[in-house]
Amino acid sequence: MKIDVRLNGRDTAWEAPAGATLLAVLRDGGPNPARMISVKRGCETGDCGACTVLLDGQPVNSCVVAAGRAHGHEVTTLEGLAADPLMISLQKALVDHAGVQCGYCSPGMLISLYHLLRECRAAGVRPDDHAIREALSGNLCRCTGYVKPVAAAAAVAAALEAVQAAAPGKGTVAS
Amino acid sequence: MTEVGRNVTKIDAFKLARGEPVFTDDVHPVGMLWAKVLGSPHAHARIVSVDATRALALPGVVDVAWHAQVKAIPHTRAGQSHPEPSPWDTVIMPEKARFIGDRVAVVVAEDLATAEKALGLIDVQYEVLPALTDMDEAHRRTDVLIHEVPDPRGIAEGGRSNVAARIDKQVGDVDAALKTCDHVVERTYWLPRVQASHIEPHVAISWLDEDGRLVVRTSTQVPFHLRRILARILEMKEADIRVIKPRVGGGFGDKQEMVMEDLVALMTLRTRRPVRLEFTRTEELICARVRHPQRIVMTTGVMNDGTIIANRMQVTADTGAYGSHALTVQGNTGQKVLPMYPCANIHFQVTCLYTNNPISGAFRGYGAPQGCFALECHIDEVAKVIGMDRLELRRKNHIRLGDTDPLSAKLGEGKEGLVRVIRSTGLEKAIELGCEAIGWGRKRPPSAPHLKRGLGMALAMQGSGIAGVDWGAATVKLNEDGSVNLAVGATDIGQGSDTVLAQICAQELGIRYEDVRVLSSDTDLTPFDVGAYASSTTYVSGGAVLKAARLVREQLAAMAAERWKCAVEEVRFGAGLVNAGPDRTMTVAELASHALYHVKVQPMATASHMSNESPPPFAAQFADVEVDPQTGEVFLRRFASAVDLGTPIHPDLAEGQIEGAVAQAIGYALFEEVIVDAGGRVRNPNFLDYKIASALDMPEMITILVPTQEPSGPFGAKAAGEVPIDGPAPAIVNAICDAVGVRAYRIPVTPERVWRQIKEAGE
Amino acid sequence: MWDLKEYRIAGSAGEAVAMMRRGPGKGVYIAGGTDLFLFPPTCDYVVDINHAGLSDIVGSPDGDLFIGAATTLHDLATNPLVNRFAGGLLSEAAAHCGNRPVRSTATIGGNLCNALPSADLAPALLALDAVCYIADEDSQESLPLEDFFTGPRKTVLDGRLLVGIALSAEAAKRRALARRLTRSAEDIALVQVAVALEVIDGRVGAVRIALGSVAPVPMRAMLAEAQIEGELLSDLTPDRLADAGLIAASECDPIDDHRASAEYRREMVGVLTRRVLASALAWNPSDDKEGGAA
Ligand SMILES: Cc1cc2nc3c(=O)[nH]c(=O)nc-3n(C[C@H](O)[C@H](O)[C@H](O)COP(=O)(O)OP(=O)(O)OC[C@H]3O[C@@H](n4cnc5c(N)ncnc54)[C@H](O)[C@@H]3O)c2cc1C
Ligand code: FES
Ligand code: FES
């Protein structure tokens, strides 16, 4: 089937089998030249989150989403956020906190954290430890025990809050 | 120290965080074929015939191979040093399937969907044989043999029995000693089958290079062992094989094994085309390796005052269909564990059985988590029997500085090993700090009236590489601008060894870590290393890097002394500078440039390093749990680890090793189990049902590094990768017992198991 | 890969049923796909209902709620109307399903139509007397959720479309609580118990006790409900609640599987029913914060 999708801000046309998952189209290429290799395959049952992407701004596990579901929608992968300041600060924090070990889960984690922090920023709240863990609940990491990734996210959240507090007309808001 | 002990930016972290194409599957060669393996539907069956006509007729299918077409050269896929201590009981394509999922045929096609479809079009006739899935039955029966042909090197008892490995070693005389003890405590413990579950599955891609040489890019922990094994079973020269290890998405022992590389290589040689094979998660949970399930009987003789007189550990283990690591994992169960409480009488026995279950193998901890669970639960049991405080009992008996470990000498890696003397230990300090962190003796009240609270602890020790066996080499090359290329055979599989090795190199050369570039694991370009296992990389490979850097430093010192007309001993290195007194200073870059353009010598050295010691890192680990006695639910509230890993070269990465190991061990204690039914079928081969810890399963974590100086290690370092995975399960189970008064002898302690035990205790 | 011939995208409920009935061959509806991609059925085409106008949550002025079948679990978990309805019972249930990314696409309709004994929304919806709205090319039907499930992975649908779920304002004021028991934080539930009841002048009015993962289909424990309904609060001693729990346990029909034994599941129905009942009865309306279950 032909799928018209806005991929990382560009209108893109995919040719994909009707039964394909979004993951297969994004990652494996086939007739579509651009492989989005930040999108990883870890379980194909929606459990590990290595394949997390944003579909219309919401995090989804692309291995359990039909490719056809993206028709007429917007898909964002880590590649598409390479220049996004929030994503860059998250990547830096994850690295600085030694939250990257093998790094296979990192792109998926970053997408989930990016989504969380963007939502929190819009709502003017700062996510607490539990909210961060909840946001990461779909990203299995077998290396880190989550301690350092959670700390990295908390640090970025704190920095965002400081920026917001400094901005006129906005106060700090607890979670 | 500046470079060692500093939390430098992990060398590969940014490219990983940006999702750049650095893993095996991220780059596909042109014209690549996709492979799939047809697994046996039977736990034990002779493959009578394979007919691939229909599969080959499917458009897009390029080739199908099965046993009749592939030369059968016995080997082991264990991925160990030569001579391998695992039985050579394996061939590329077996004539007989020995577990559900065993290789029957391999297909390559132009795309994945076609390869998948082709599997269903291969017609196979099986002669189904009786399946042995219970290890005791496998032990009893000699009428059904899983391996009918004796192992050519006599390790397993193929052809005679289903015993894959046996150990029986004794120090002193346990039977006699037990008669003299005030108390003899005997208990039996059961350990489950769990899977490493690295998030990147096994994946390998092979092709022929422009010279027709075989290139295998693979997610492996052991590139050099792999090349050796491939060369032997494919009857090629090692020089005609190049194994490249790119970034690896976690290994944990499971990628020590040659799980699939022989298949892609075979199909590339047959088709002359690039071939890719990646396991699905289901295949991982069925066809990769699992931690050996074991039953352990512990017998301890102890005096009223708590002196341990004798210890016996009897292990029965299930190696599954093949004997990968059968001898050595089980050997470790005793060797890495029993020395914690030295006594004059120690008896260690192993019977490791072949069954028609999934294959057991290497997994972080390598037998020690099983042994540590049994021993550390048992110590609590002994304390209870003799009415002594469990911390006191441990303090009274645990191993100390200067103690020797007689069992190591008897065991080694499957052969007589080397005597081990403890030359550094932070165990006492770790116990003290851990107790303080968890609030030992000051149990917190339960958070709700229907809950019960408990504290538990466990001590653990491991090794740093395999003494007298593990070795590695490194090449250090200094460039004219003062930067360094470091080539190591050591394999970074996510743990950060490239970073740590670069730090060691920089420290020794007195330059900045940021000026070192690491090339790791390409058998064409880097020197040999046994690979990433047995907690060896920092200690053993780090030793090689240190030596190589030292050699380069000596070359530089000689050149500087020559130029300054001073004694070599006067030349000092540090902060990027070389000097010999206040008025004789230059940068390392200036000296390097001098070397290349005046002396006309490349400052460069390759060094190899092996250690006859394997100094144990130590851990004291503590759990604070709440238990709901009516539902059996366990809520792990806090977990503290105090770990002596020698000098932490990179403290954050060291903590990360501990935190990650604890997360895996929490799963081991509470919910992970590959469940295999009586027919040998895995019942939960996916992450929907095989649960590993998510961010929401983690307790409050307290991680304490207890630095010590290990004289034999690079800058005093030991190892961190494995020891912290040993203690959590017994600590958690001991805490549950403290909370509700009943002990789980079997993990994982699912709610139902806790509930059942409480109920049975009440009856 | 799932071997499908065609992916059809429906623009309305009417179009969806028409596309389904058009053939040729066999078709299934697809909403989130989070269940379908795990267990792909053999079929020729799918009909995507995500653009069929079935994703809205509509509240009536009287306080009734209509939830479109393609509403995602994330929307259920966060929608203010659902958060307020019966103490947010349904929101809580949705928030416990799977993980965050799964909830972005998984739908309420998919959760019910896949008809797993462990479907997490089912007990909450049963406790709230949910009514299913079903459509076909030329017919419409509504029926109580209790009559919707016919067996494990079986419903009354037979190719028809679940349009949505209606909850009546009556249920909105119930004190509602649930508990699910799992092995790890994110796991298929071993046992689920949801309770919704009303208390009028110190006396218990309507009571619903719904159970999941303990019978071929999600079910109500009606005999246990009868033990509580109409009773004076002051008469409902811990022993009486324990009895109600035991009765609920006797009503369920669990199986042994590799996750838990039938015996354990049954006993846990007793324990959890007693506890959830006790909490619901002890519920102090003044603690009843808007938007959150206790
Ligand atoms: C990682 C993961 C974790 C999960 N955890 C949980 C959990 O904790 N609890 C739980 O209950 N479930 C869980 N699930 C299962 C599943 O995701 C949910 O049940 C989800 O709600 C299904 O919705 P869906 O829209 O994705 O269904 P789909 O996959 O789109 O459809 C499921 C079935 O329902 C049919 N269907 C869907 N909508 C309609 C309709 N409107 N009319 C007629 N038929 C329809 C489809 O044809 C299909 O047969 C989990 C799934 C995953 C992948
Ligand atoms: S690959 Fe999609 S969630 Fe694991
Ligand atoms: S860093 Fe390896 S899985 Fe997360």
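Residues numbered from 1 in each chain as written. Chains lettered and ligands numbered in written order. Predicted model: local features only at pLDDT ≥ 70, side-chain atom pairs only at ≥ 80, totals over all residues. Heavy atoms only, no water.

This part covers the overall build of chain B. Secondary structure assignment for chain B yields 19 helices and 28 strands. The C-alpha radius of gyration computed for chain B amounts to 27 Å, which stays within 12% of the reference 27 Å derived for 763 residues, consistent with globular compactness. Judged by the C-alpha coordinates and their principal axes, chain B covers about 85 × 70 × 50 Å. Across the 763 residues of chain B, 68% fall into the buried class. Taking the intrachain contacts of chain B between residues at least 6 apart in sequence as the baseline, contacts between residues at least 24 apart amount to 79%. Carbon together with sulfur atoms contributes 51% to the accessible area of chain B, which is approximately 24,000 Å² in total. With 81 positive and 95 negative side-chain charges, chain B shows a separation of 1 Å between the mean positions of the two kinds. (Helix = DSSP H or I, 4+ residues; strand = E, 2+ residues; numbered from the N terminus. Rg over C-alpha atoms; globule rule 2.2 N^0.38 Å. Buried < 20%, exposed > 50% of the residue type's maximum accessible area, 1.4 Å probe, protein only. Contact = heavy atoms within 4.5 Å. Areas by Shrake-Rupley, 256 points an atom, 1.4 Å probe, with all protein chains shown as cover. Lys, Arg positive; Asp, Glu negative; His and termini not counted. Charge placed at Lys NZ, Arg CZ, Asp CG, Glu CD.)

Let us now look at the interface of chain C and chain A. In this complex, chain C contributes 26 residues to the contact, which on the side of chain A involves 28 residues. A per-residue breakdown of the area chain C buries against chain A is headed by Tyr7, Phe37 and Pro101 of chain C, which together make up 29% of the total. Across the contact surface, chain C and chain A share one salt bridge. Our count for the contact surface shared by chain C and chain A stands at seven residue pairs in polar contact (both at pLDDT 80 or more). Looking at the side of chain C that touches chain A, the elements with two or more residues in it are strand E1 (6–9) and helix H5 (100–105) of chain C. The greatest single-element share of the side of chain C that touches chain A, amounting to six residues, is contributed by H5 of chain C. Tallied by class, residues from the side of chain C that touches chain A come to 11 nonpolar, nine polar and six charged. (Buried area = accessible area lost by both parts, 1.4 Å probe. Salt bridge = Lys/Arg side-chain N within 4 Å of Asp/Glu carboxyl O. Polar contact = N/O pair within 3.5 Å; in protein donor to acceptor, adjacent residues only side chain to side chain. Nonpolar A, V, L, I, M, F, W, Y, C, P; charged D, E, K, R; others polar.)

So, about the packing of aromatic side chains. On inspection of all chains with the given rule, the structure shows 10 aromatic pairs over all chains. For the pair Tyr104 of chain A and Phe23 of chain B, a centre-to-centre distance of 5.1 Å together with 85° between the ring planes defines the contact as edge-to-face. With Tyr104 of chain A in the loop between helix H2 (85–96) and helix H3 (106–123) and Phe23 of chain B in the loop between helix H1 (13–17) and strand E1 (33–39), this pair bridges two chains. Given the relative accessible area of 3%, Tyr104 of chain A is considered buried. Relative to Phe528 of chain B, the ring of Phe224 of chain B lies with its centre 5.3 Å away and its plane at 55°, an arrangement referred to as tilted. (Phe/Tyr/Trp six-rings, centres within 6.5 Å; stacked < 30°, edge-to-face > 60°.)

What follows concerns the nonpolar core. Residues and elements named next belong to chain B. Core analysis: the biggest nonpolar cluster contains 195 residues, and Met340, Val625 and Ile732 have the highest contact counts within it. A total of 10 residues in this core trace back to one element, the largest contributor, which is helix H10 (residues 368–386). Beyond its immediate stretch of four places on either side in the chain, Val625 contacts Lys452, Arg453, Gly454, Val634, Phe635, Leu636, Arg637, Ile732, Ala735 and Ile736. (Core = buried A, V, L, I, M, F, W, Y, C linked by side-chain atoms within 4.5 Å.)

Time to look at empty space enclosed by the protein. All names here are of chain B. Taken as a whole and judged by the stated rule, the model has seven cavities of 30 Å³ or more. Looking at the largest cavity, it is lined by 39 residues, and the ones nearest its centre are Gln495, Ser535, Gln657, Ala720 and Gly721. Those elements that place two or more of their residues in the lining of the largest cavity are helix H14 (497–509), helix H15 (537–564) and helix H17 (651–670). Both of domain 2 (294–466 + 613–762) and domain 3 (471–610) provide at least three residues apiece to the lining of the largest cavity. (1 Å grid on protein atoms, 1.4 Å probe; cavity = no way out; pocket = protein on both sides within 12 Å on 5 of 7 lines; lining within 4 Å. Points joined across faces, edges and corners; volume = space filled by probe spheres on them. Domains from an automatic or database assignment.)

A word on the site of ligand 1. Among the 36 residues in the neighbourhood of ligand 1, the closest are listed as Tyr29, Gly32, Thr34, Thr107 and Asp120 of chain C. Looking at what sits near ligand 1, you find residues from chains A, B and C. Separating an oxygen atom of ligand 1 from a backbone N or O atom of Asp35 of chain C is a distance of 2.9 Å. In this structure, an oxygen atom belonging to ligand 1 sits 2.9 Å away from a main-chain N or O atom of Gly98 of chain C. Looking at the shell around ligand 1, the elements that each hand over two or more residues are strand E2 (27–30), helix H6 (108–113) and strand E10 (161–167) of chain C. Among the elements that make up the shell around ligand 1, the one with the highest residue count is H6 of chain C (four residues). Split by residue class, the shell around ligand 1 holds 18 nonpolar, 13 polar and five charged. (Near = heavy atom within 4 Å.)

All right, on to the sheet that holds strand E6 (residues 123–128) of chain B then. All names here are of chain B. If you trace the three strands from one edge of the open sheet to the other, you get E4-E2-E6, paired in antiparallel fashion. Whereas interior strands pair on both sides, the edge strands pair on one side only; in this sheet they are strand E4 (96–97) and E6. As paired strands, strand E2 (residues 45–51) and E4 are joined by two bridges and run antiparallel to one another. Bridging across to E4, Arg46 finds its partner in Lys96. (Pairing = 2+ DSSP bridges.)

Let's shift gears to the side chain of Arg228 of chain B. Residue and element names in this part refer to chain B. Within the secondary structure, Arg228 sits in helix H6 (residues 223–233). Relative accessible area serves as the criterion here: at 18%, Arg228 is assigned to the buried category. Of note is the side chain of Arg228, whose polar atom sits 3.1 Å from the side chain of His225. With residues up to four places along the chain from it excluded, the contact list for Arg228 reads Gln80, Ser81, His82, Glu84 and Glu238.

Residues and elements named next belong to chain B. Counted residue by residue, strand E19 (residues 471–478) has six buried out of eight residues, so it is predominantly covered. Pairing geometry for E19 and strand E25 (residues 604–610), over seven bridges, is antiparallel. Within E25, the residue paired with Trp471 across the bridge is Met610. The hairpin turn running from E19 into strand E20 (residues 484–488), its antiparallel successor, is five residues long, and Gly482 in that turn takes a positive phi close to 90°.

Turning our eyes to something else, we now look at the domain arrangement of chain B. Residue and element names in this part refer to chain B. With domains assigned, chain B is organised as domain 1 (32–129 + 199–250 + 255–287), domain 2 (294–466 + 613–762) and domain 3 (471–610). Taking only C-alpha atoms into account, the centre of domain 1 sits 35 Å from that of domain 2. On the domain 2 side, the residues contacting the 25 residues of domain 1 number 29 residues. Together domain 1 and domain 2 conceal approximately 2,000 Å² of surface at their shared face, both sides included; 57% is due to carbon and sulfur atoms. Connecting domain 1 to domain 2 are zero salt bridges. At the surface where domain 1 touches domain 2, the tally comes to 14 residue pairs in polar contact (both at pLDDT 80 or more). In terms of residue count, helix H8 (residues 281–287) provides more of the side of domain 1 that touches domain 2 than any other element does, four residues in total. The residue makeup of the side of domain 1 that touches domain 2, split by class, is 11 nonpolar, seven polar and seven charged.

Residues and elements named next belong to chain A. For the pair H2 and H3, the least separation of the axes is 10 Å and the interaxial angle reads 125°. Here H2 is positioned oblique relative to H3, judged by the angle of their axes. The two elements H2 and H3 meet at a crossing, and its hand is right-handed. Where H2 approaches H3, its residues Leu86, Met87, Leu90, Gln91 and Leu94 are matched on the opposing element by Ser106, Leu110, Ile111, Leu113, Tyr114, Leu117, Arg118 and Arg121. Of the residues in the contact of H2 with H3, the class split is nine nonpolar, two polar and two charged. (Axes fitted to C-alpha atoms, helices over the stretch in contact; angles between N-to-C directions. Parallel < 35°, antiparallel > 145°, perpendicular 65-115°, else oblique. Left-handed = near helix turned anticlockwise from the far one by under 90°.)

What follows is about the interface of chain A and chain B. On the chain B side, the residues contacting the 42 residues of chain A number 55 residues. Approximately 3,800 Å² of surface area, both sides summed, lies buried where chain A meets chain B, with 60% of it carried by carbon and sulfur atoms. Area buried by chain A at its contact with chain B is led by Gln101, Tyr104 and Arg142 of chain A, which between them contribute 21% of it. Counting every contact that joins chain A to chain B gives nine salt bridges. Linking Arg41 of chain A and Glu278 of chain B is a salt bridge whose minimum nitrogen-to-oxygen distance equals 3.7 Å. Across the chain A-chain B interface, the total number found is 20 residue pairs in polar contact (both at pLDDT 80 or more). Sorting the residues of the side of chain A that touches chain B by element identifies helix H1 (22–28), H2, H3, helix H4 (129–135) and helix H5 (147–166) of chain A as the ones contributing at least two each. When residues in the side of chain A that touches chain B are grouped by element, the largest group, four residues, is from H2 of chain A. Residue classes in the side of chain A that touches chain B are distributed as 18 nonpolar, 11 polar and 13 charged.

Attention now goes to the pattern of salt bridges. Applying the stated rule across the entire model yields 94 salt bridges over all chains. Ionic pairing is found between Arg743 of chain B and Asp380 of chain B, a salt bridge with its closest N-O pair at 3.9 Å. Of the two residues, Arg743 of chain B is situated in the loop between helix H18 (728–740) and helix H19 (751–762) and Asp380 of chain B in helix H10; the sequence distance between them amounts to 363 residues. Accessibility classification places Arg743 of chain B together with Asp380 of chain B in one group, the buried group. Among the ionic pairs, Glu146 of chain C bridges to Arg220 of chain C, the shortest N-O distance being 3.1 Å. Within this pair, whereas Glu146 of chain C is found in the loop between strand E7 (139–144) and strand E8 (149–151), its partner Arg220 of chain C is found in strand E14 (residues 219–220), the two being separated by 74 residues in sequence. Residue Glu146 of chain C is classed as partly exposed on the basis of its relative accessible area of 30%. With a relative accessible area of 14%, Arg220 of chain C lands in the buried category. One network of salt bridges, with partners in common, ties together Arg27, Asp28, Arg35, Lys40, Arg41 and Glu44 of chain A together with Asp25, Asp26, Arg276 and Glu278 of chain B.

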